[in-house]
Amino acid sequence: MTGPRVIDPGTVELAAVDLGASSGRVMLGRIGSGRLELTELHRFRNGPVRLPDGLYWDVLGLYQDVLVGLGRAVRQAPGLAGAAIDSWAVDYGLVDPDGALVGNPRHYRDARTAAVIDRVHATVDAAELYRRTGLQHLPFNTLYQFAADPAVSVPGRTALLVPDLLGYWLTGRQITEQTNASTTGLLDARTGAWDDELIRRLGFPDDLLAPLLPPGEEIGPLTPEVATDLSLSRPLPLTTVGSHDTASAVLGVPADTPDFGYISCGTWGLVGVELDAPVLTDGSRDANFTNERGVDGTVRYLRNVMGLWLLSESVRTWQRSGTTVDLAELIERAAALPAGGPRIDPDDPVFAPPGDMPERIRRACAARDQPVPDSPEALVRCVLDSLATAFAATLAEAERLSGRAVSVVHLVGGGSQNALLCQLTADTSGRPVVAGPVEATALGNLLVQARTHGALSGDRWALRRELRRAVPLRTYRPAGVPAPR
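Note on numbering: residues in each chain are counted from 1, in written sequence order. Reporting in this predicted model follows two pLDDT cut-offs: at least 70 for local features of residues, and 80 or more for side-chain atom pairs to be given and counted; totals over whole chains, interfaces and linings ignore these cut-offs and use all residues. As a rule here, side-chain values come from all non-hydrogen atoms in the structure, and water together with hydrogens is ignored.

Among buried residues, the Ala, Val, Leu, Ile, Met, Phe, Trp, Tyr and Cys ones that are joined through side-chain atoms within 4.5 Å form a nonpolar core. Exposure classes here rest on a 1.4 Å probe applied to the protein chains alone. A residue is buried below 20% of its type maximum, exposed above 50%, and partly exposed in between. Core analysis: the biggest nonpolar cluster contains 111 residues, and Leu166, Leu170 and Ile361 have the highest contact counts within it. In terms of residue count, the dominant contributor to this core is helix H14 (residues 376-402) (12 residues). Ile361 has contacts with Ser314, Ile344, Phe351, Leu379, Cys382 and Val383, leaving out every residue within four places of it along the chain. Membership of the second largest hydrophobic core comes to 25 residues, among which are Leu143, Ala181, Trp194 and Ile199. Going along the chain from the N terminus, every DSSP run of H or I of four or more residues is numbered as a helix, and every run of E of two or more is numbered as a strand. Residues count as neighbours in contact if any of their non-hydrogen atoms are within 4.5 Å of one another.

See below:
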């Protein structure tokens, strides 16, 4: 979505820094006077860096790319009113009392937490953790990373989640945005405050975590040093949004009634419903559903399902072997294959690490006594059939456990461009799938910023109305179900 450079009175220009697990981007948004436009200014790669002792993020490289993107925003929009950052969850950087970074942040796919999970549960068992925090068990949740990181216990150090670490470097202020804080396993699911008793029982320092801020608050202006680097002539505020990218993506779902399910589909598929209160039952824990904070005090009740990581890692494997891969062409050929082919469990831990994904998928099919995909298009169809099946099952469980009816499914993010995945999800779930927007996360980021700066007003439903006016959507109906007249 792009538009002319002429800016109407009442239109605000804002920069959204949107960092995913495989790429990052800085977007310029123009919002107001019935207008909602996005222009991509800078896109850059992201991903794990393997060192002899494990997987890391190149957070310094990310920060440099953020500065490049913000610099372009300032040059293209001299009246830029503000900026905000969202990113993936759970990972953090430690800073010492002088504000210096202590080591490079670890990547959530690093295996270091495997050795400490039982130790954590010996102190606070998994059932109590769920009753307190509502967080699904994932081996990379921040509390397990803290338990595996001896540097955390050094007095005076502060752990800042990735968007908050970058925000600190930009503004000099240390905070923790609330939606991302809810992914740490240390936030009280009922109150939205840090669970100080839990933090103490797990042996983490009382001052390890920075104060909380909800979405829609000003963190501070960019520091004079950053402003100079960006050639800014006036203060530029950085504000909080749903800094967990899924929180921004769910706000970027163009729903018009509460009875919707969502799938935010990128590297991961985040599948669930939006609620007003957490679901902390034993049944919810057994189903491994999570209760994460959303914008405007909502609860994102969802489960992580392995997403397009299965495809992207397969493509990387083929490319490393010298095979030229056109994924769009492969998907088109996969759509021509008959239904009823093999399926895998996308959430099997064997698929989590980087590596030879096609071989792992073939082995998984053989282990289930299913046909083994014998071509790239057959393997792509297997992945997409498997994802659609997992998405549909997760939506049905979310509906059952929460009591929230799901009459329509909104699929946003990169997966919304995959017509075969959208149609298979509609067929498997028996519900219409509304695809789009692709850039739901950046749009959700910008909508909260625009409201913070006074260009928009109202609750999340009012913000979503702006989306429906501005973004193209496509509806996929289950096979055999006619469109309404």
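That was the structure; now back to the text.
With that settled, the discussion passes to the pattern of salt bridges. Each salt bridge in this description consists of a side-chain nitrogen of Lys or Arg and a carboxyl oxygen of Asp or Glu lying within 4 Å of one another. Counted by the stated rule, this structure contains 30 salt bridges. Taking the shortest distance from any N to any O, the salt bridge between Arg132 and Glu128 comes out at 3.0 Å. Of this pair, Arg132 and Glu128 both sit in helix H3 (residues 126-133), 4 residues apart, which is roughly one turn of the helix. Asp286 is the salt-bridge partner of Arg285, the closest N and O atoms lying 4.0 Å from each other. Take Arg285: its relative accessible area is 29%, and that puts it in the partly exposed class. Asp286 gets classed as exposed once you look at its relative accessible area, which sits at 60%. Three or more residues are tied together by salt bridges with common partners; here these are Glu128, Arg132, Asp195, Glu197 and Arg201.

In this section: the environment of Ser312. Mapped onto the secondary structure, Ser312 falls in helix H11 (residues 309-320). Taking the C-alpha atoms as reference, Ser312 lies 22 Å from Pro139; in sequence the two are 173 residues apart. A polar contact is formed between the side chain of Ser312 and the backbone oxygen of Trp309, at a distance of 3.2 Å. We call two N or O atoms a polar contact when they sit within 3.5 Å, provided that within protein one can donate a hydrogen and the other can accept it, with sequence-adjacent residues counted only if both atoms are side-chain atoms.

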